[in-house]
Amino acid sequence: MAESETGASGGGTGGKPPFMQRLLDNHFFLLFLGVVIPTVFYILWGVMELTQIPVANY
Amino acid sequence: MTAIAQFRTCPDTGFKVHSAAEKLIKANAVAAVVFLLVGGVFGLSVALTRWQEVHLLPADWFYLALTAHGLDVLLVWIIFFEMAILYFASAILLNSRLATPWIGWLQFWLMLIGALITNVAVLQGDSSVMFTSYVPMKASPLFYLGIILFAVGALLGCCVFFGTLIVAKDEKTYEGSVPLVTFGAITAAIIAVFTIASGAIILIPTLLWSVGYISHIDPLMYKTVWWAMGHSSQQINVSAHVAVWYLIAAVIFGAKPLSEKVSRTAYLMYILFLQLASAHHMLVEPGLSSEWKIFNTSYAMYLAVMGSMIHGLTVPGSIEAAQRKKGFNKGMFEWLRKAPWGNPAFSGMFLSLVFFGFIGGITGVVMGTEQLNLIMHNTLYVPGHFHGTVVAGTTLAFMAVTYIVVPLIWRREIIWPGLAKLQPYLFGFGVAGISLFMMGAGTLGVSRRHWDIAFSDATLSFDYPAAAYLMLTLNGISAILAAIGGALYILIVVGSILFGKKRDEAAAPAPAEPTAAAATSYGSAGTAAVPGTFMLALIFFVTFVLYYFVNWKYLAETWGVS
């Protein structure tokens with residue numbers, strides 16, 4: 001499939017742009033993904049593991 | 001209120017420049033360069049102290065200088081410059097007015113005041129906790145307060161950037177998708193938002209702890225969350241400097257990416273996975289599971305690395321395609337031989353690309369492997385690696401783009417063109433030396449952040465191999481070379497801004513084909529016939545595989561199996 005000259009909405013073909021193009025043009029959804037994914041997989045998962053460590057008895 | 005936007009059109013490049021954006025770009029770029037100078041001086045003093053025969057600073061000054069160096073160059077110089085890039089990539093590349101310039105100025109002043117407060121706290125001598133400021137080491141409350149103010153300012157800058165995207169879309173200043181360089185800046189801004197949020201989560205409680213309102217902060221919890229900020233802040237740099245590579249290729253060669261779709265997908269990999277690489281700082285922590293470590297590094301990080309390798313292929317590929325279109329078709333590398341190596345914007349950008357890939361990139365993957373990490377964790381290998389990414393990669397790319405920004409934004413000619421040609425080579429090869437020799441010392445076991453590897457005052461003596469001393473000597477010599485390159489950069493940039501010949505816009509004839517077109521529009525090169533670039537990629541892969549397995553060999557030698 002030929003790439004349009006201007007991207008998602010500028011192709012002038014009248015059809016709906018491909019899913020990936022719509023995803024990449026939705027900057028605020030990308031912002032959501034870019035914040036949520038590392039928050040879940042790095043911070044929340046990591047913090048949950050740290051809270052499972054038993055407290056030492058002196 | 002109807003904003004009456006003031007624009008001018010650059011006669012050389014064809015960029016439409018909004019005056020409010022222009023002023024903010026100037027302010028942030030100047031602040032960046034000033035802190036580069038301060039941080040660079042501290043950096044040179046650190047390297048000269050590590051050089052055992054010179055051993056410049058006493059211990060307390062060494063740790064003070066190391067703290068100031070890390071903050072001023074790793075954070076302040078780079079984030080100020082990135083603010084300038086965000087305003088450029090939004091207002092100028094989208095032909096738009098800047099949204100809420102007054103918030104932009106709030107961003108600038110908060111970041112400046114924050115950076116000054118933190119510097120004062122460090123210079124007072126009671127906050128030599130280094131860039132990572134691991135608890136339970138406690139700095140002055142001003143240290144944390146300054147960083148928080150700086151981060152709030154940076155967050156405001158991101159808000160202005162996203163606001164400008166909305167304004168540009170509403171006012172239809174561009175058609176279809178945003179240009180690729182702007183998309184790279186969007187990636188940087190997204191990572192910045194996560195970075196700043198993580199910083200707030202950990203630094204606000206640490207500030208309260210330093211003033212006595214909180215009694216205890218768990219060191220492991222601190223370290224985990226801090227690295228979500230500390231490492232991600234370097235991922236902002238990666239996204240931003242890749243955007244700068246594309247920008248320079250577009251401005252100098254009129255180059256378009258080999259495929260917009262592929263390059264944007266590579267940026268998407270950054271957005272989804274790059275921040276997770278923060279976990280490679282935690283690979284030897286016993287409190288975190290192997291599942292967490294391996295998912296966040298060996299799985300997720302490799303997807304982000306693939307993004308970098310795609311950019312590493314498509315940037316030179318786009319240059320090759322543009323050069324071949326101009327007739328440089330002889331053999332595999334005529335396009336590269338006849339590239340403008342005397343133009344500091346190009347040479348700086350290309351050296352940045354090569355050093356980032358071959359030095360910073362390969363070693364980053366090696367360090368991100370849980371088993372291999374054991375042989376270099378907390379050694380000088382770590383700063384060696386990130387000098388390859390952040391300095392040879394990001395700083396060199398930012399220096400290169402300055403040679404385009406000064407004539408465009410300040411309307412001044414670059415002074416001392418002969419020295420300007422030399423500057424990227426001096427700085428680039430100097431930093432490559434710093435990076436390689438620190439990694440060499442790290443491979444020999446030299447710990448990072450150590451004032452005296454001879455342990456002269458220690459009760460129990462320890463001897464590193466003589467080669468480690470040689471490595472630190474070569475590191476010191478490389479640092480001098482890089483410092484000369486850095487000083488030249490500052491002199492040339494400041495001199496050009498103050499004394500450079502003024503460019504007369506009215507008298508200049510409009511270029512037949514404005515170079516802005518390649519940077520401000522969507523579109524691919526329309527060819528994948530770039531044999532020279534594929535050969536370079538092959539050389540990269542062979543180097544990568546060899547180095548990776550050499551390190552497994554080192555690891556195997558650590559624990560001999562009889």
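Residues numbered from 1 in each chain as written. Chains lettered and ligands numbered in written order. Predicted model: local features only at pLDDT ≥ 70, side-chain atom pairs only at ≥ 80, totals over all residues. Heavy atoms only, no water.

1. Remarks on the overall build of chain A
Reasoning step 1: If you tally the helices and strands in chain A, you get two helices and zero strands.
Reasoning step 2: Counting the 58 residues in chain A, one finds 33% classified as buried. (Helix = DSSP H or I, 4+ residues; strand = E, 2+ residues; numbered from the N terminus. Buried < 20%, exposed > 50% of the residue type's maximum accessible area, 1.4 Å probe, protein only.)

2. Re the packing of helix α10 (residues 344–367) of chain B against helix α12 (residues 381–410) of chain B
Residue and element names in this part refer to chain B.
Reasoning step 1: α12 packs onto α10 with a crossing angle of 160 degrees between their chain directions and a minimal axis gap of 8 Å. Taken as axis vectors, α10 and α12 run roughly antiparallel relative to one another. Between α10 and α12 the crossing geometry is left-handed.
Reasoning step 2: Residue composition of the contact of α10 with α12, by class: 17 nonpolar, nine polar and no charged. (Axes fitted to C-alpha atoms, helices over the stretch in contact; angles between N-to-C directions. Parallel < 35°, antiparallel > 145°, perpendicular 65-115°, else oblique. Left-handed = near helix turned anticlockwise from the far one by under 90°. Nonpolar A, V, L, I, M, F, W, Y, C, P; charged D, E, K, R; others polar.)

3. Examining the interface of chain A and chain B
Reasoning step 1: Contacts between the two partners involve 34 residues from chain A and, on the opposite side, 43 residues from chain B.
Reasoning step 2: Between chain A and chain B the total buried area reaches about 3,200 Å² when both faces are included, carbon and sulfur atoms providing 71% of it.
Reasoning step 3: At the surface where chain A touches chain B, the tally comes to zero salt bridges.
Reasoning step 4: There are nine residue pairs in polar contact (both at pLDDT 80 or more) connecting chain A and chain B.
Reasoning step 5: Broken down by secondary-structure element, the contributors of at least two residues to the side of chain A that touches chain B are α1 (19–25) and α2 (27–51) of chain A.
Reasoning step 6: When residues of the side of chain A that touches chain B are assigned to their parent elements, the largest contribution, 19 residues, is made by α2 of chain A.
Reasoning step 7: Of the residues in the side of chain A that touches chain B, the class split is 19 nonpolar, eleven polar and four charged. (Contact = heavy atoms within 4.5 Å. Buried area = accessible area lost by both parts, 1.4 Å probe. Salt bridge = Lys/Arg side-chain N within 4 Å of Asp/Glu carboxyl O. Polar contact = N/O pair within 3.5 Å; in protein donor to acceptor, adjacent residues only side chain to side chain.)

4. Details of a nonpolar patch on the surface
All names here are of chain B.
Reasoning step 1: Where nonpolar side chains cluster on the molecular surface, the patch consists of Met 332, Phe 358, Met 535, Leu 538, Ile 539, Val 542 and Leu 546 and spans about 600 Å² of accessible area.
Reasoning step 2: Among the elements that line the nonpolar patch, the one with the most residues is helix α16 (residues 531–558), at five residues.
Reasoning step 3: On the secondary structure map, Val 542 appears in helix α16. (Patch = residues over 30% accessible without salt bridge, like charges linked within 9 Å, V, L, I, M, F, W, Y side chains within 5 Å. Areas by Shrake-Rupley, 256 points an atom, 1.4 Å probe, with all protein chains shown as cover.)

5. Section: the packing of α10 of chain B against α16 of chain B
Two packed helices can be described by the angle between their axes and the distance between those axes.
All names here are of chain B.
Reasoning step 1: Viewed as axis vectors pointing N to C, α10 and α16 meet at an angle of 40 degrees, and their least axial separation amounts to 10 Å. In terms of orientation, α10 lies oblique with respect to α16. Our pair here, α10 against α16, has a crossing hand that is right-handed. Packed against α10, whose contacting residues are Gly 357, Phe 358, Ile 362, Thr 363, Val 365 and Val 366, the element α16 presents Ile 539, Phe 540, Thr 543, Phe 544, Tyr 547, Tyr 548 and Asn 551 at the interface.
Reasoning step 2: Of the residues assigned to the contact of α10 with α16, the class counts are nine nonpolar, four polar and no charged.

6. Looking at α2 of chain A
Reasoning step 1: Spanning 25 residues, α2 of chain A covers 34 Å between terminal C-alpha atoms, matching the ideal 36 Å at 1.5 Å per step.
Reasoning step 2: Maximum bend of α2 of chain A: about 40 degrees, positioned at Thr 39 of chain A.
Reasoning step 3: Considered for burial, the residues of α2 of chain A that qualify are His 27, Leu 30, Leu 31, Leu 33, Gly 34, Ile 37, Pro 38, Tyr 42, Ile 43, Gly 46, Glu 49 and Leu 50 of chain A.
Reasoning step 4: The secondary structure elements touched by the buried residues of α2 of chain A are α1 of chain A together with α4 (141–170), α5 (180–211), α6 (219–253), α7 (260–273) and α8 (290–325) of chain B. (Expected span 1.5 Å × (residues − 1). Bend = angle between axes of the 7 residues up to and from the residue.)

7. Examining the packing of aromatic side chains
Any two aromatic rings considered together are summarised by their centre-to-centre distance and by the angle between their planes.
Residue and element names in this part refer to chain B.
Reasoning step 1: Taken as a whole and judged by the stated rule, the model has 38 aromatic pairs over all chains.
Reasoning step 2: On the numbers, 5.3 Å between centres and 85 degrees between planes, the contact of Phe 143 with Tyr 144 is edge-to-face.
Reasoning step 3: Ring centres 5.5 Å apart and planes at 80 degrees place the aromatic pair Trp 341 and Phe 350 in the edge-to-face group.
Reasoning step 4: Put simply, the rings of Phe 35, Phe 80, Trp 105, Phe 108, Trp 109 and Phe 150 pair up and form one aromatic cluster.
Reasoning step 5: The ring of Phe 7 is capped by Lys 16, whose NZ or CZ atom sits 4.7 Å from the centre of that ring.
Reasoning step 6: In this arrangement the basic side chain of Lys 138 is found over the ring face of Trp 209, its NZ or CZ atom lying 4.7 Å from the centre. (Phe/Tyr/Trp six-rings, centres within 6.5 Å; stacked < 30°, edge-to-face > 60°. Lys NZ or Arg CZ within 6 Å of the ring centre and 35° of its normal.)

8. So, unusual backbone geometry
All names here are of chain B.
Reasoning step 1: Note that the residue after Val 135, namely Pro 136, is joined by a cis bond; omega there is 10 degrees.
Reasoning step 2: Along the chain, Pro 136 turns up in the loop between α3 (101–123) and α4.
Reasoning step 3: Of note, Thr 100 is a non-glycine position whose phi angle comes to about 40 degrees, a positive value.
Reasoning step 4: Assignment of secondary structure puts Thr 100 in the loop between α2 (59–92) and α3.
Reasoning step 5: For Thr 100, a relative accessible area of 34% corresponds to the partly exposed category.

9. Quick word on α10 of chain B
All names here are of chain B.
Reasoning step 1: Taking 1.5 Å per residue as the helical rise, α10 with its 24 residues ought to reach 34 Å, and the 32 Å between its terminal C-alpha atoms agrees with that figure.
Reasoning step 2: The largest bend in α10 comes to about 35 degrees, at Phe 356.
Reasoning step 3: In terms of burial, α10 is a largely internal element, 21 of the 24 residues being buried.
Reasoning step 4: Regarding α10, its N-cap is Asn 343, as a side-chain oxygen of that residue lies 2.9 Å from the backbone nitrogen of Ala 345 further along.

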